[in-house]
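A look at the structure
Spelled out from the first residue to the last, the chains are:
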Amino acid sequence: MEIRSIRGMNDILPEDSILWKHVRDTMHRVLARYGFREILIPVLEETRLFQRGIGETTDIVEKEMYTFEDRSGQSLTLRPEATASIVRAYVQHHLYTSGKVEKFYFWGPMFRYERPQKGRYRQFYQIDVEAFGSNDPSLDTDVIASLYDFLAALRVPGVTIEINSLGCPKCRPGYHQALKAYFSDKQVKLCPDCKSRLVRNPLRILDCKVETCHALAMNAPNIHEFLCDTCKTHFRGVRGYLEDLRIPTRLNPMMVRGLDYYVQTTFEAVSENLGAQNAVAGGGRYDGLVRQLGGPDIPGIGYAMGMERLVMILKEAGEEPMEWPCDLFIATLGKDARRFGITLAAKIRKTGKVCEFSYEPKSLKALMKLANRLNARFTAIIGEDEMREQKIVLRNMETREQVTLPMDDSLPEMIVVSLDNADDSRSTQRPPFPSSFPEKSSR
Ligand code: HAM
């Protein structure tokens, strides 16, 4: 019986993975400019890290974690997000002793037991970005700017950065009280989830997708009327800097985010192309989390971007389907030619060119078909005649021009020169997916 992948967990096949590679290449390039350095974290953590870090009353901890006991009876969880793990690593390795703002990024799979649908999966990939060590609005701005630059570098269309402030432990309790007072006489109209949220975390009612809850939330008290002076000044600072950088943002007082660690600035990049799951990235400030997870009182801010959603937008925006590059296909006919050809392939690869080989014996016609299937720019034809005459035929697959090259020590170099000087549209001197895209100079 055929064994299939688990529901909500997808294979990313090479025809798509090249676009994923382009996204990752752009990630490394753009984030390096801001001084973010890559960190790698484990897939499994102790369950209590997420319970404590993300919050006991969140959907993630309550219903969505893949939790199990290992052979020693320890409760482990497949990471549903990266922030808690990166904070753990920051604390565990005393990275706060460096005396500078530490900036990290990571990409990898996350696991949440959600109901799979378009843009929502049980294994999905995030690019996660975190910065520790300053509560100054300039850090919020740099983090948001890195997200904006990233999306601009990828030429993602139709994206808006929504921004909000969720206050701090000083001013949020007052807002909670106001929300409780507002919703308590409307309880009967709330969905069952929001009824329990009213007691445990009334803020979360504001982003409930159920129509009746949403309608009630529209007239709920506005958080900005409850922010303390510190939070107001901080938020004004962030918005001012973002304006200076000409990063377009939209204030969304209803955006509360689904994780409990947030304080002050929160933000999401939303796209009209995504439908109900419209957030391509989300994040915010989490001052207090480092201390909560056993470290000193150091502030932090970050975001995570959903790779599947990002790739979906890029595809819908009509990015050309891409092909893995192949500079040269070595087509051999006969035993001697194979022997010569495999050595030639090794030499060509050493020059950095992508070289494919004719592993299976085939007719010349079949080999030419295969060259096209591999999208080879050039084919080196080495048959019995060529071996006898000590030459090879190099064919430009696009223009169909052919040259004959002598089979001497200069052959690999002659081939590379021909490849470099060719004027075909598939030249891999350009990257396979134009990561040399002119980045939008939107500011
Ligand atoms: P989040 O909003 O839960 O935040 O997830 C961030 C992004 O991951 C979402 O905007 C979405 O693109 C993607 N995503 C989330 N769940 C799924 C899913 N089931 N299927 C596909 N994509 C999904 C966080 O995870 C925070 N850790 C972000 C953060 C970092 N805050 C501070 N630092």
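Residues numbered from 1 in each chain as written. Predicted model: local features only at pLDDT ≥ 70, side-chain atom pairs only at ≥ 80, totals over all residues. Heavy atoms only, no water.

**Points about the overall build of the protein**
On a plain count of helices and strands, the protein comes out with 15 helices and 16 strands. Reported as C-alpha extents along the three principal axes, the dimensions of the protein are approximately 90 × 55 × 45 Å. Buried residues in the protein amount to 51% of all 443 residues. A separation threshold of at least 6 residues defines the contact pool for the protein, and within that pool the share at least 24 residues apart is 72%. When the accessible surface of the protein is split by element, carbon and sulfur atoms take 51% of a total near 21,700 Å². If the 61 positive side-chain charges of the protein are averaged to one point and the 59 negative ones to another, these points end up 3 Å apart. (Helix = DSSP H or I, 4+ residues; strand = E, 2+ residues; numbered from the N terminus. Buried < 20%, exposed > 50% of the residue type's maximum accessible area, 1.4 Å probe, protein only. Contact = heavy atoms within 4.5 Å. Areas by Shrake-Rupley, 256 points an atom, 1.4 Å probe, with all protein chains shown as cover. Lys, Arg positive; Asp, Glu negative; His and termini not counted. Charge placed at Lys NZ, Arg CZ, Asp CG, Glu CD.)

**Focus: helix α11 (residues 307-316)**
For α11, the buried fraction is high: eight of the 10 residues fall into the buried class. Residues of α11 that are buried include every one of Met307, Glu308, Arg309, Leu310, Val311, Met312, Ile313 and Leu314, and no others. One or two steps after α11, the chain reaches Gly318, where phi turns positive at roughly 85°.

**Side note on the pattern of salt bridges**
Counted under the stated rule, the structure contains 24 salt bridges. Asp287 is the partner of Arg285 in a salt bridge, and the nearest nitrogen-oxygen pair spans 2.8 Å. Linking Lys391 and Glu389 is a salt bridge whose minimum nitrogen-to-oxygen distance equals 2.5 Å. Three or more residues joined by partner-sharing salt bridges are found here, namely Asp59, Lys63, Asp193 and Arg197. (Salt bridge = Lys/Arg side-chain N within 4 Å of Asp/Glu carboxyl O.)

**Some details on the packing of aromatic side chains**
Under the counting rule described, the total for this entry stands at 14 aromatic pairs. Both rings, one in Tyr90 and one in Phe104, keep their centres 6.5 Å apart while their planes meet at 70°; by these two values the pair is edge-to-face. Taken together, the positions of Tyr90 in helix α4 (residues 83-92) and Phe104 in strand β5 (residues 102-111) put the pair 14 residues apart, joining distant regions of the chain. By the burial criterion, Tyr90 is buried, and Phe104 matches it. Plain terms: the ring middles of Tyr175 and Phe226 are 5.3 Å apart, the flat faces sit at 50° to each other, and that makes the pair tilted. (Phe/Tyr/Trp six-rings, centres within 6.5 Å; stacked < 30°, edge-to-face > 60°.)

**As for the nonpolar core**
Val23, Phe132, Leu147, Phe183 and Met305 are the most contacted members of the largest nonpolar core, which has 99 residues in total. With nine residues, helix α5 (residues 137-153) is the single largest residue contributor to this core. Among the nonpolar cores identified, the runner-up in size contains 21 residues, and Ala337, Ala345, Cys355 and Ile392 belong to it. (Core = buried A, V, L, I, M, F, W, Y, C linked by side-chain atoms within 4.5 Å.)

**So, the side chain of His234**
Within the element layout of this structure, His234 appears in helix α9 (residues 229-244). The buried category is assigned to His234, whose relative accessible area is 5%. In this structure the side chain of His234 is engaged in a polar contact, spanning 2.9 Å, whose partner is the backbone oxygen of Asn135. If near-sequence neighbours (up to four positions away) are discounted, His234 is found in contact with Asn135, Asp136, Pro137, Asp140, Gln264, Thr265 and Arg285. (Polar contact = N/O pair within 3.5 Å; in protein donor to acceptor, adjacent residues only side chain to side chain.)

**Examining a nonpolar patch on the surface**
A grouping of Val43, Leu44 and Phe68 is seen on the molecular surface, where their side chains present a nonpolar patch of about 220 Å² in accessible area. A residue is classified by how much of its surface remains accessible, and Phe68, at 38% relative accessible area, is partly exposed. (Patch = residues over 30% accessible without salt bridge, like charges linked within 9 Å, V, L, I, M, F, W, Y side chains within 5 Å.)

**Structural notes on the site of the ligand**
The ligand sits among 27 residues. The nearest are Glu81, Thr83, Glu114, Arg257 and Tyr262. At a separation of 2.9 Å, a nitrogen atom of the ligand approaches a polar backbone atom of Tyr121. A distance of 3.3 Å separates a nitrogen atom of the ligand from a polar backbone atom of Tyr303. Protein coverage of the free-state accessible area of the ligand, which is 660 Å², stands at 95%. Mapped onto the shell around the ligand, the elements with two or more residues apiece are β6 (123-132), β10 (279-285) and β11 (300-306). Ranked by the residues each element gives to the shell around the ligand, the list is headed by β10, at six residues. (Near = heavy atom within 4 Å.)

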